[in-house]
Amino acid sequence: MAVEEGIDDYTQDGTVDLKGNPVRRSKRGGWTACSFVVVYEVFERMAYYGISSNLVLYLTKKLHQGTVKSANNVTNWVGTIWITPILGAYVADAHLGRYWTFVFASLIYVTGMSLLTLSVSIPGLKPPPCHQANIDDCKKASTLQLATFFGALYTLAIGTGGTKPNISTIGADQFDDFHPKEKASKLSFFNWWMFSIFFGTLFANTVLVYIQDNVGWTLGYGLPTLGLVISVMIFLAGTPFYRHRVPAGSPFTKMTMVIVAAARKWRVPLPSDPKELHELDLEEYARNGKFMIGSTPTLRFLNKAAVKTGSTDPWMLSAVTQVEETKQMLRMIPILIATFVPSTMIAQINTLFIKQGTTLDRHIGNFKIPPASLAGFVTISMLVCVVLYDRFFVPVIRKWTNNPRGITLLQRMGIGLVLHFIIMAVASLTERYRLNVAKQHGLVENGGQLPLTIFILLPQFVLMGTADAFLEVAKLEFFYDQAPESMKSLGTSYSSTSLGIGNFLSSFLLSTVSDITQRDGHQGWILNNLNKSHLDYYYAFFAVLNFLNFIFFMAMIRFYVYKAEVSESMHVLTEELKVMRLKASNQEAAKGIA
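Quick caveat, the model's predicted, so the values are computed rather than measured.

Draft legend 1. Highlighting the packing of helix α2 (residues 30-52) against helix α5 (residues 85-121). Where α2 meets α5, the axes come as close as 12 Å, and the angle between the chain directions of the two elements is 35°. As for the relative orientation of α2 and α5, their crossing is left-handed in sense. Residues Tyr40, Glu44, Ala47, Tyr48 and Ile51 of α2 form the contact with α5, whose own contacting residues are Phe102, Tyr109, Met113 and Leu116. Looking at the contact of α2 with α5, its residues break down into eight nonpolar, no polar and one charged.

What follows is the structure, encoded as structure tokens:
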């Protein structure tokens with residue numbers, strides 16, 4: 001009995017220690033290991049949002065850039081921040097593993113943060129102060145100053161490329177999908193993961209932006225740099241408690257092999273019985289802590305990669321499980337595309353929403369609210385909604401749907417998409433009201449501050465946090481959950497890729513709309529003087545874009561097929577192995593009798 005308990009204590013999902021030895025469930029993983037990971041994420045988000053939340057104001061006030069140029073520099077950098085995780089996921093899955101990829105990338109991250117702090121601190125690395133109303137009259141930053149500042153920003157972006165797709169995956173890896181209790185804990189992990197992210201974000205959007213606006217940029221960037229260093233040390237301290245996954249090879253190579261094999265055999269007919277397709281032995285899957293995936297009729301053309309033609313070349317023949325893993329990644333692409341537009345909306349928080357705030361009355365008594373601190377209401381709203389969703393909404397809805405999550409991940413994402421349409425409609429109406437007040441007080445031409453409280457922007461920030469509680473949490477969990485076991489980092493990078501492309505799309509739309517609306521002598525929708533601009537039209541355009549995107553999303557989810565639950569697949573595999581071994585035992589017994 002003691003021996004059986006000892007065996008049961010080992011994880012069943014193939015996780016190991018850094019030396020490659022199987023790990024005991026009671027010694028590693030679980031919430032104990034996750035606590036070190038979550039602490040890192042709090043400080044890391046503090047560092048990232050400590051920069052991104054106020055970056056558009058640094059570019060306009062200190063580097064003297066215009067509205068469109070500064071906003072595009074922010075979204076291009078943020079886009080890079082969220083795109084580089086694809087590379088980090090590849091390195092982790094194919095070569096170094098998640099732990100070592102994260103460790104090396106975090107050192108690059110710290111280097112970038114340190115250089116950035118120096119660039120805002122040393123007088124020679126920034127242009128002289130300017131108090132002109134028109135920033136075009138100010139001295140521009142030199143090539144050296146721009147190279148130093150943006151070089152630090154993009155060094156930091158490379159670092160986040162290795163940390164972002166792996167840190168959340170490392171956290172999720174601490175729970176064994178094949179253990180009922182741990183699997184149940186994992187369902188709440190992503191909600192609390194987002195909670196930790198936005199806790200760090202809240203500090204950045206309140207305390208750090210206030211320090212940057214009222215004390216100085218040196219301290220405002222120095223504090224998150226110090227916090228990042230401490231968080232890396234905390235993560236390393238948790239190393240003895242972590243479970244690790246051995247790199248399973250490049251997911252891109254595996255997927256390419258399937259696509260190439262299917263293309264090369266496009267004239268080969270498919271057998272009527274899927275069991276005639278090539279598949280590895282059940283014993284091999286069980287030995288490696290993996291599970292077999294049965295052939296499915298979706299994306300049927302790819303099944304040709306598993307048709308036996310006599311060749312065993314991996315570029316000519318793929319196992320059914322490998323084909324199905326490729327299908328799982330490809331099936332998620334339409335859902336990924338549907339998240340690009342809402343990610344573009346998120347990009348407005350740290351650009352145009354903040355610029356709007358600079359035109360409004362920010363005083364509460366003698367206290368002056370930093371415009372970027374309004375992003376803190378996105379965080380507060382998100383934190384409240386995540387707790388209410390996890391603790392109240394899910395238990396109630398679960399009784400009606402019998403779904404452990406309450407509603408499906410795609411349904412949760414759909415609610416978020418509807419909220420994004422509402423957000424931009426509200427933002428458009430609010431901006432129209434702001435522009436009317438500017439006309440009434442003769443503040444259109446001089447771009448002066450309006451006698452209107454900054455809190456009129458509060459609804460669009462609060463609604464954005466509510467939308468994040470549905471869409472962003474569900475998106476992160478969906479792409480992790482639906483990715484094959486050997487491609488989890490790549491699956492997680494889908495979520496960050498969505499934000500990256502959304503930011504690049506924001507840059508493209510802002511530049512394009514600004515250019516088109518200024519043609520033929522027209523005033524234009526987006527100018528340096530927001531009181532002369534028409535952001536209300538721009539936001540209305542976004543509302544229409546969100547509505548069309550929601551229709552696209554609804555069309556795509558009709559064809560989406562959720563992958564089989566890991567625990568169910570493992571149960572099937574175990575039962576099949578028992579049957580096979582029983583048959584083999586009976587055959588041996590029959591031979592002995594003969």
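Draft legend 2. Structural detail: the nonpolar core. Grouped together as the largest cluster of nonpolar side chains are 106 residues, with contacts concentrated most on Trp77, Phe149, Phe235, Tyr538 and Tyr539. Structurally, this core is a two-domain feature, drawing no fewer than three residues from each of domain 1 (10-249) and domain 3 (326-586). Here Trp77 is in contact with Tyr48, Ile51, Ser52, Leu55, Leu153, Tyr154, Leu156 and Ala157, once residues within four sequence places are set aside. If you look at the next biggest cluster of nonpolar residues, it comprises 21 residues, including Ala338, Phe479, Met487 and Phe553.

Draft legend 3. Spotlight on the UniProt feature "transmembrane region" (unreviewed entry) in the protein. Under the feature "transmembrane region" (unreviewed entry), the UniProt entry names residues 74-92, 98-118, 189-211, 217-237, 335-354, 374-397, 409-430 and 537-561. Helix makes up 95% of residues 74-92 and strand 0%, whereas the separation of the span's terminal C-alpha atoms amounts to 28 Å. With 100% helix and 0% strand, residues 409-430 has its two end C-alpha atoms placed 32 Å apart.

Draft legend 4. Region of interest: the packing of aromatic side chains. This structure, assessed with the given rule, holds 32 aromatic pairs. Ring geometry for Tyr48 versus Tyr49: centroids 4.7 Å apart, planes at 75°, classification edge-to-face. Their ring planes at 40° and their centres at 6.0 Å tell us that Tyr90 and Phe252 sit as a pair that is tilted. A residue pair is termed long-range when its members are at least 10 positions apart, and Tyr90 in helix α5 and Phe252 in helix α9 (residues 251-264) qualify at 162 residues. Ring-pair connections join several aromatic residues into one group, and the members of that group are Tyr40, Tyr99, Trp100, Phe102, Phe104, Phe235 and Tyr242.

Draft legend 5. Layout of the side chain of Asn529. Within the fold, Asn529 resides in the loop between α18 (488-517) and α19 (535-557). Polar contacts involving the side chain of Asn529 include one to the main-chain amide nitrogen of Asn531, which spans 3.0 Å.

Draft legend 6. Helix α6 (residues 143-172), seen in detail. Taking 1.5 Å of rise per residue, the 30 residues of α6 would be expected to cover 44 Å, and the 44 Å separating its terminal C-alpha atoms lies within 8% of that figure. Along α6, the helix axis deviates most sharply at Thr160, where the bend reaches about 30°. Burial analysis of α6 places 21 of its 30 residues in the buried class, which makes it a mostly covered element.

Conventions used here
Residues numbered from 1 in each chain as written. Predicted model: local features only at pLDDT ≥ 70, side-chain atom pairs only at ≥ 80, totals over all residues. Heavy atoms only, no water. Axes fitted to C-alpha atoms, helices over the stretch in contact; angles between N-to-C directions. Helix = DSSP H or I, 4+ residues; strand = E, 2+ residues; numbered from the N terminus. Left-handed = near helix turned anticlockwise from the far one by under 90°. Contact = heavy atoms within 4.5 Å. Nonpolar A, V, L, I, M, F, W, Y, C, P; charged D, E, K, R; others polar. Core = buried A, V, L, I, M, F, W, Y, C linked by side-chain atoms within 4.5 Å. Buried < 20%, exposed > 50% of the residue type's maximum accessible area, 1.4 Å probe, protein only. Domains from an automatic or database assignment. UniProt positions renumbered as here; feature names shortened; annotations may be inferred. Phe/Tyr/Trp six-rings, centres within 6.5 Å; stacked < 30°, edge-to-face > 60°. Polar contact = N/O pair within 3.5 Å; in protein donor to acceptor, adjacent residues only side chain to side chain. Expected span 1.5 Å × (residues − 1). Bend = angle between axes of the 7 residues up to and from the residue.

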